[in-house]
Every structure is written in structure tokens, then in C-alpha cells.
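# Structural description and commentary
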Amino acid sequence: MSGPAADGTGSDTTAADARNRRLWTVVIFLTMACTGAVMQVRGAVLPTLEGYFTVPEWQLGLVAPAGTVGYLLVILAVGSSAGRIDARRFIAGGAFLTAGALLAMGLSPSFPVFLAALVVQGAAVGVFRALDRPLLSHFYPSQRGRVYNRYDATWAIGAALGPLAVVLALRAGSWRLVYGAVGVAVLALAVAFRSLRSPAVESDEEPLTRSDLAELIRRPEVIALLAALFFVTGVEGGLFTWLPYYARAELPAGWAELTLTVMLAAYIPGRFACGALTDRLGPLTLLLGVLGLLVPAFGFTFFVADGLAVLGGVVAIGLLISGVFPTMMAYATDAVPEHSGPVNALASAVSSVSIGGVPAVMGVVVGGADAAAAMRLLVAPLVGALGVIALARVAQGRRDARAASSSATVDD
């Protein structure tokens, strides 16, 4: 970015770049809200698809992997190339392809066609998700914690509204309406991306070589990120999948269906609060506090509480767990800002595996025992995440002490 010039040209250019950056941010956030809605619509519409297409339950089980496989491959490929590709062209193309896939899902004449469109939709979202967070990282290099939490809060807004959209679509006459509506919304956002100027960033993404990748994976901040996210996103996946099932045995009739929506709604203030606090406390200190409160909140909810107290515990869990992913992402990206794309891709890949794997393991426990036993097992990965953050905090303190000692020696 050029500095201000005497004739005002430089200052006009800076103002135009800032305005373009704000527009990019708004459109990225709105697209993220649509992504959250689509993810939660998928589960809410399954019972309807079963009867509409007359498919067995084992085929319905293909919905989750169909949406994940393409996403994983694309986000790793595009994310690792973030320093070499045209972000505007790829993001706009991914948004157009996502819109087309969503409309195809809404028009699907059969379940296999629906699954095929879902594979394409997952891959297309992978293009967008591989580049949007790295762009925000370079838009706001000194405010990553705040911006990442707000960015993920918009996902939570969409996710909380997704199941409600399915209910409204069914009342209006067809589940297809929800995919049509979201598809049209994403199409409008794709047009917006296409019309924006290429973004001017405050820091640059560097191309990633093989040696850079090996060094990146060995960075203690990245190791801590991947380990903590493996534990925490697995817990989130378990909650997303099994919480309503568990709640049916614990809550009065009519309340169980609200648990997941209530938890996702709690993500919104939770992420805004973490965004405001991360700059003041530092990401690791904030995460120690959040996880230190989350473990007893989880224990109370699934070991002690009954009746409507479970719903209160779910709200507390949503408030606390919501900030872990974006705050950890900001912490690791601050350590290697020049490789924010690969960091984002690695974290998303690990999270996707954990979100899909943990609910499957819980399903075995539910079949052998019950949902309560499965939910209680989730305390173990939360304790694991707390241990990872504690170790990362100690290691960070030692690195800071060594850096201060080296600085003092040089000064002497």
C-alpha cells in the first residue's frame, strides 16, 4: 500500500483500498453465515429426505462423508497454494459453484443425484474456506483474534438459523425451498465477489515449499493448534450429532429439539466476547480460562444436571466452547502470518476428521450402552485440550524469557 502523497492521490488510494477491504470483509462474513446454515440444514432435513426419496438409514449415513471428502481434498490443495493463486478469481468461482450445487440439491430428482451435488458443494465450499480466513488474516494482521472470532460468530448465526429455515420450508410446502433460498443467496454473494476489486492486503502470503511445510508442521504453535483442535472440534462434532438424541431422555417433551439451536445461539455472544478479550488477555491465557471453566460446565451438564438444568448447562457449554477454534487459529497464524493459508488448511482438515470421527465412535458407545455414557466420555478430550493449552502456555513463556534474555545480552 502506498503512503499519502502531497496531491492527495496517495490518500485517495488508501481510502479506496480501505473501503474495498471492508466490502470484502462484509461479503466474506455473509458467505460464512450461509455456510453455517447449509451445514446445519443438512442434519435437519435428513428425516424428510428419508421419507421423500424412500432410502434406508445406511444411505442417509452417506450424507456426512459426501459433504466432507471433496471439502478436505480441495481445502488442502488450494490452501497450500494460497500464495500463488488469484484469490478473487478462486473465491468467486467457488461461490458460483457452491450456488449451483445448492440449487441442484434442491432440484434433485433422486437421492444419488442429491449426494453427487453434495460432493460438488463440499468441494466448492473448500475453495472459499481455503482462502477467506487467510485473506482476513492479511486484511487485519494486528487484530486476528478479534476478527476471527467475529468471522466464526457469523457462522454460528447461520448455523442457528439453518434448522429454523428447514421448519419454515416444510411449513411452506417443501424441503427443496430451503436449498433454493440459500442457493440464490450464495449466487448473489458470488456476483458481489466478482464485482469487487482484487483486495489490497496489509501483509503478504508467501508461496509454500516442501521444506517450508516440514518446518511449519514442526512449529510448536502449529502443533498446539492441531492437537487442541483435534480434541475440541471432536467434542463439537459429538454435540452436533448426539445432543438432541441425549436430550430426549433428559428434557420434557418439546424441549429436546431446541437444545442444539440453543447451544449454537450461545456461540454468537461467546465468540464476540472472546474476540473482545483475546487482545486484552492474550490467546493462550484466554483459552486457559475458557477451557478451565468448560470442563466443570461439561461435568455438571452430563454428570449432575437433570431436567431443564441440562438446557442451562448446554448454554454455558456453547458460550465457552465457541471461542476455542477461532482463538487458537489466531494464535497459530500470528506465529507464521506469511503461511496463513496452509495453517488454515491443516486446521480445517484435522477438524473435519475429528468432527466426523468422534460422533462415529460415540455411536458405538450409544449402541452398546446409552447416550449418557457417550456424552460423558467427551470430558476426556476436553481435559486433553486443556493440557495442550497449558503446555503451550509454559512453552510460550520459556520462549519469551529466552528472547528477552537474548535481547538483554545484545543490548549489553
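Small disclaimer: the values here were computed from a predicted structure and weren't measured. (Residues numbered from 1 in each chain as written. Predicted model: local features only at pLDDT ≥ 70, side-chain atom pairs only at ≥ 80, totals over all residues. Heavy atoms only, no water.)

## Topic: empty space enclosed by the protein
Per the stated rule, a full pass over the model turns up 1 cavity of 30 Å³ or more. Empty space within the largest cavity amounts to approximately 80 Å³. In terms of lining, the largest cavity is formed by T31, C34, T35, V38, A95, T98, L102, Q121, V125, F128, V182 and V186. Elements with a minimum of two residues in the lining of the largest cavity: α1 (9-44), α5 (87-107), α6 (111-139) and α8 (176-195). In terms of residue count, α1 provides more of the lining of the largest cavity than any other element does, 4 residues in total. Looking at the lining of the largest cavity residue by residue, the classes come out as 8 nonpolar, 4 polar and no charged. (1 Å grid on protein atoms, 1.4 Å probe; cavity = no way out; pocket = protein on both sides within 12 Å on 5 of 7 lines; lining within 4 Å. Points joined across faces, edges and corners; volume = space filled by probe spheres on them. Helix = DSSP H or I, 4+ residues; strand = E, 2+ residues; numbered from the N terminus. Nonpolar A, V, L, I, M, F, W, Y, C, P; charged D, E, K, R; others polar.)

## Details of the environment of F325
Looking at where F325 falls in the secondary structure, it is placed in helix α14 (residues 324-335). The class of F325 is buried, set by a relative accessible area of 11%. For the pair formed by F325 and G122, sequence separation is 203 residues and the distance between their alpha carbons is 20 Å. (Buried < 20%, exposed > 50% of the residue type's maximum accessible area, 1.4 Å probe, protein only.)

## Overview of the side chain of S108
Along the chain, S108 falls in the loop between α5 and α6. On the basis of relative accessible area, S108 is assigned to the buried category, the value being 0%. Here A104 takes part through its backbone oxygen, which lies 2.8 Å from a polar atom of the side chain of S108. A distance of 3.2 Å separates a polar atom in the side chain of S108 from the backbone oxygen of M105. Look past the residues within four positions of S108 in its chain and what remains in contact with it is F53, V113, F114 and R176. (Polar contact = N/O pair within 3.5 Å; in protein donor to acceptor, adjacent residues only side chain to side chain. Contact = heavy atoms within 4.5 Å.)

## What to know about helix α11 (residues 259-281)
Between its first and last C-alpha atoms α11 spans 31 Å; for 23 residues at 1.5 Å apiece the expected length is 33 Å, and the two agree. G282 lies just past α11 and shows a positive phi near 90 degrees. (Expected span 1.5 Å × (residues − 1).)

## Here we look at the packing of helix α4 (residues 63-79) against helix α15 (residues 340-368)
Interhelical geometry of α4 versus α15 gives an angle of 160 degrees and a closest axis separation of 8 Å. In terms of their interaxial angle, α4 and α15 are classed as roughly antiparallel. The two elements α4 and α15 cross, and the hand of that crossing is left-handed. Contact residues: α4 offers T68, Y71, L72, I75, L76 and G79, while α15 offers G341, P342, N344, A345, L346, S348, A349, S352 and V353. Its residues assigned to classes, the contact of α4 with α15 shows 9 nonpolar, 6 polar and no charged. (Axes fitted to C-alpha atoms, helices over the stretch in contact; angles between N-to-C directions. Parallel < 35°, antiparallel > 145°, perpendicular 65-115°, else oblique. Left-handed = near helix turned anticlockwise from the far one by under 90°.)

## Quick look at the side chain of N149
Among the secondary structure elements, N149 is positioned in helix α7 (residues 144-172). Residue N149 is classed as buried on the basis of its relative accessible area, which comes to 0%. Reaching out from N149, the side chain makes a polar contact with the side chain of T327 at a distance of 3.3 Å. Ignoring anything within four residues of it in the chain, the contact list for N149 reads R271, C274, G275, G323, P326 and T327.

## Focus: the packing of aromatic side chains
Per the counting criterion, the structure on display carries 19 aromatic pairs. Between F139 and Y140, the aromatic rings sit 6.0 Å apart at their centres with planes inclined by 80 degrees, giving edge-to-face as the arrangement. For the residue pair F139 and Y140, the accessibility class agrees, reading buried in each case. Here the aromatic cluster, defined as three or more aromatic residues joined through ring pairs, consists of Y52, F53, F111, F114, W175 and Y179. (Phe/Tyr/Trp six-rings, centres within 6.5 Å; stacked < 30°, edge-to-face > 60°.)

## Looking at the pattern of salt bridges
For the structure on display, the rule yields 6 salt bridges. The salt bridge involving R133 is made with D152; its shortest N-O contact spans 3.2 Å. Of the two residues, R133 is situated in helix α6 and D152 in helix α7; the sequence distance between them amounts to 19 residues. On the basis of relative accessible area, R133 is assigned to the buried category, the value being 1%. For the salt bridge of R146 with D279, the shortest nitrogen-to-oxygen distance reads 3.5 Å. (Salt bridge = Lys/Arg side-chain N within 4 Å of Asp/Glu carboxyl O.)

## Description of the domain arrangement of the protein chain
According to the domain assignment, the protein chain consists of domain 1 (20-203) and domain 2 (208-402). Each of domain 1 and domain 2 has a C-alpha centre, and the two are 22 Å apart. If you look at the interface, domain 1 gives 32 residues, while domain 2 gives 34 residues. With both chains or domains summed, domain 1 and domain 2 bury close to 2600 Å², and 64% of this area falls on carbon and sulfur atoms. It is R144, R146 and N149 in domain 1 that bury the most area against domain 2; as a group they hold 21% of the surface buried on that side. Our enumeration of links across domain 1 and domain 2 arrives at 2 salt bridges. Here D334 and R144 are joined by a salt bridge, their closest N and O atoms 2.7 Å apart. Run the count over domain 1 and domain 2 and you get 7 residue pairs in polar contact (both at pLDDT 80 or more). Those elements that place two or more of their residues in the side of domain 1 that touches domain 2 are α1, α4, α6 and α7. (Domains from an automatic or database assignment. Buried area = accessible area lost by both parts, 1.4 Å probe.)

## Brief notes about the packing of α6 against α15
Running from N to C, α6 and α15 cross one another at 135 degrees; their axes reach a closest spacing of 8 Å. Regarding the angle of α6 to α15, the classification is oblique. In this structure, the crossing between α6 and α15 has a hand that is right-handed. In this structure, α6 contributes R129, A130, R133, P134, S137 and H138 to the contact, and α15 contributes S340, G341 and N344. Counted by class, the contact of α6 with α15 contains 2 nonpolar, 5 polar and 2 charged residues.

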